[in-house]
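The lines below spell out each chain.
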Amino acid sequence: MQANPILQVRVARKCAEAQDICSLELVPLDGQSLPAFTAGSHIDLHLPGGLVRQYSLCNDPQDTGRYVVGVLREAASRGGSAAVHEQLQEGQQIAIGAPRNHFALHADGPARHLLLAGGIGITPVLAMARQLAREGADFELHYCARSRERMAFTALLQSMPWADRVHLHVDGEGALDMAQLLGAPQAGLHLYVCGPRGFMDAALGMARASGWSEDRLHYEFFAGEVVQREGDAGFEIEIASTGQVVRV
């Protein structure tokens, strides 16, 4: 059996979500269906020119009739994000890989969930929040970005019934105090981190220094440009206890 089956889908909708970020709604061809997925999953997009890039699914896994991804256009793109932004059009048929998940929600027993996203890293975290809210789970979401213009899906987040669990952190408007957020690991609390490499390194480093055990830390690194988290322009995090500002 093929390890990652290739599926044919249609781009039903392409929408600008923020500065340099677009979303794609992918639907099955007539008479076909899409494999189920879980929050944290990603798919391979087979793009013009033979490029293959990975992007996280951001819609609710219960939404079985479509896949939605968000793609950041990277200034130093080697072709992947530029192809999505410049060449893919609504109505176009493209090939994708079946969903895979290396960034799954903790599922063993009751747990609380702290979701931490930087930049385009909001995409898998958004799917996680949707699933957790639907399941009645205890969670909190913190989303950091350089500017509000670079924050994707904020209108959607703020319209959700669980919007009171969402905290936006924007440079110049109140940077995230990561030391306060991660400084005291609590029983049953799991951390999920997604974003630019510097952001993830800062968050995971703070958590480990504060005594978080590895089994409570959930994240996924991809090499180079192969995912939508590529090359975010970065933002600032202030450590309130010292006043130090860390650029990530």
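Residues numbered from 1 in each chain as written. Predicted model: local features only at pLDDT ≥ 70, side-chain atom pairs only at ≥ 80, totals over all residues. Heavy atoms only, no water.

*Asks:* Could you clarify how one ought to interpret the pattern of salt bridges in this entry?
*Replies:* Two side chains bearing opposite charge may form a pair once their charged atoms approach each other closely. By the definition in use, this model includes 10 salt bridges. Of the charged contacts in the structure, one is a salt bridge between D63 and R66, with a shortest N-O distance of 2.4 Å. We classify R66 as partly exposed; its relative accessible area is 25%. Among the salt bridges present, the one from R148 reaches E173, with a minimum N-O distance of 2.8 Å. Note that R148 is positioned in the loop between strand 8 (138–145) and helix 3 (154–159) and E173 in the loop between strand 9 (166–170) and helix 4 (178–182), a separation of 25 residues in sequence. Within this structure, E25, D63 and R66 form a network of salt bridges that share partners. (Salt bridge = Lys/Arg side-chain N within 4 Å of Asp/Glu carboxyl O. Buried < 20%, exposed > 50% of the residue type's maximum accessible area, 1.4 Å probe, protein only. Helix = DSSP H or I, 4+ residues; strand = E, 2+ residues; numbered from the N terminus.)

*Asks:* Would you mind going over helix 2 (residues 122–135) with me for this structure?
*Replies:* An α-helix turns once every 3.6 residues. As a result, residues three or four positions apart point the same way. For helix 2, with 14 residues, the first-to-last C-alpha span of 20 Å sits near the 20 Å given by 1.5 Å per residue. Taking burial as the measure, the 14 residues of helix 2 include 11 buried ones, the bulk of the element. Looking at helix 2, one finds that the buried residues are I122, T123, P124, V125, L126, A127, M128, A129, R130, Q131 and L132. On its buried face, helix 2 sits against strand 4 (51–56), strand 5 (67–72), strand 7 (112–118), strand 8, helix 3 and strand 10 (189–194). Downstream of helix 2 by a residue or two, G136 has a phi angle that is positive, lying close to 75 degrees. (Expected span 1.5 Å × (residues − 1). Contact = heavy atoms within 4.5 Å.)

*Asks:* Is there a simple way to explain the packing of aromatic side chains in this structure?
*Replies:* The relative placement of two aromatic rings is captured by the distance of their centres and the angle of their planes. Going through the model one piece at a time under the given rule, you end up with two aromatic pairs. Where F37 meets Y67, the ring centres are 5.8 Å apart and the plane angle is 85 degrees; that geometry is what we call edge-to-face. One end of the pair, F37, is in the loop between strand 2 (21–28) and strand 3 (42–47); the other, Y67, is in strand 5, and 30 residues separate them in sequence. The exposure classification of F37 matches that of Y67, with both residues buried. Their ring planes at 70 degrees and their centres at 5.7 Å tell us that F139 and W162 sit as a pair that is edge-to-face. (Phe/Tyr/Trp six-rings, centres within 6.5 Å; stacked < 30°, edge-to-face > 60°.)

*Asks:* Even after reading the chapter, I still don't get the pairing of strand 8, so can you show me in this structure?
*Replies:* Within a regular beta strand, the side chains point alternately toward one face of the sheet and then the other, so they alternate between its two faces. For strand 8, the tally of buried residues reaches six of eight residues, placing the bulk of the element in the interior. In terms of strand pairing, strand 7 meets strand 8 through seven bridges, oriented parallel. Within strand 8, the residue paired with G118 across the bridge is C144. Each parallel crossover has a hand, and for strand 7 linked through helix 2 to strand 8 it is right-handed. Traced from strand 8 through helix 3 to strand 9, the parallel crossover comes out right-handed. (Pairing = 2+ DSSP bridges. Right-handed = clockwise from strand over helix to strand, strands pointing away.)

*Asks:* Is there a simple way to think about unusual backbone geometry in this case?
*Replies:* In terms of backbone geometry, most residues other than glycine have negative phi values and most peptide bonds are trans. Phi angles above zero are rare outside glycine, and D20 is one such case at about 65 degrees. Mapped onto the elements of the fold, D20 is located in the loop between strand 1 (6–18) and strand 2. With a phi close to 65 degrees, F153 is a non-glycine residue in the positive phi region. Here F153 lies in the loop between strand 8 and helix 3.

*Asks:* Any chance you could explain the sheet that holds strand 7 here in plain terms?
*Replies:* Strand pairing in a sheet relies on backbone hydrogen bonds, with the paired strands running either antiparallel or parallel. The parallel open sheet is built from five strands, whose spatial order is 9-8-7-10-11. Bordering the open sheet on either side are strand 9 and strand 11 (217–219), each of which pairs with just one other strand. Strand-to-strand twist in this sheet, taken as the mean axis angle between neighbours without regard to direction, amounts to 15 degrees. Here strand 8 runs beside strand 9; their pairing, made up of five bridges, is parallel. Among the inter-strand pairings, H142 is bridged to a residue of strand 9, identified as H167. Running at roughly 155 degrees to strand 7, helix 2 makes contact with strand 7, strand 8 and strand 10 of the sheet. The strands touched by helix 5 (residues 197–209) are strand 7, strand 8, strand 10 and strand 11; relative to strand 10, the strand with the most contacts, the crossing angle is about 160 degrees. (Axes fitted to C-alpha atoms, helices over the stretch in contact; angles between N-to-C directions.)

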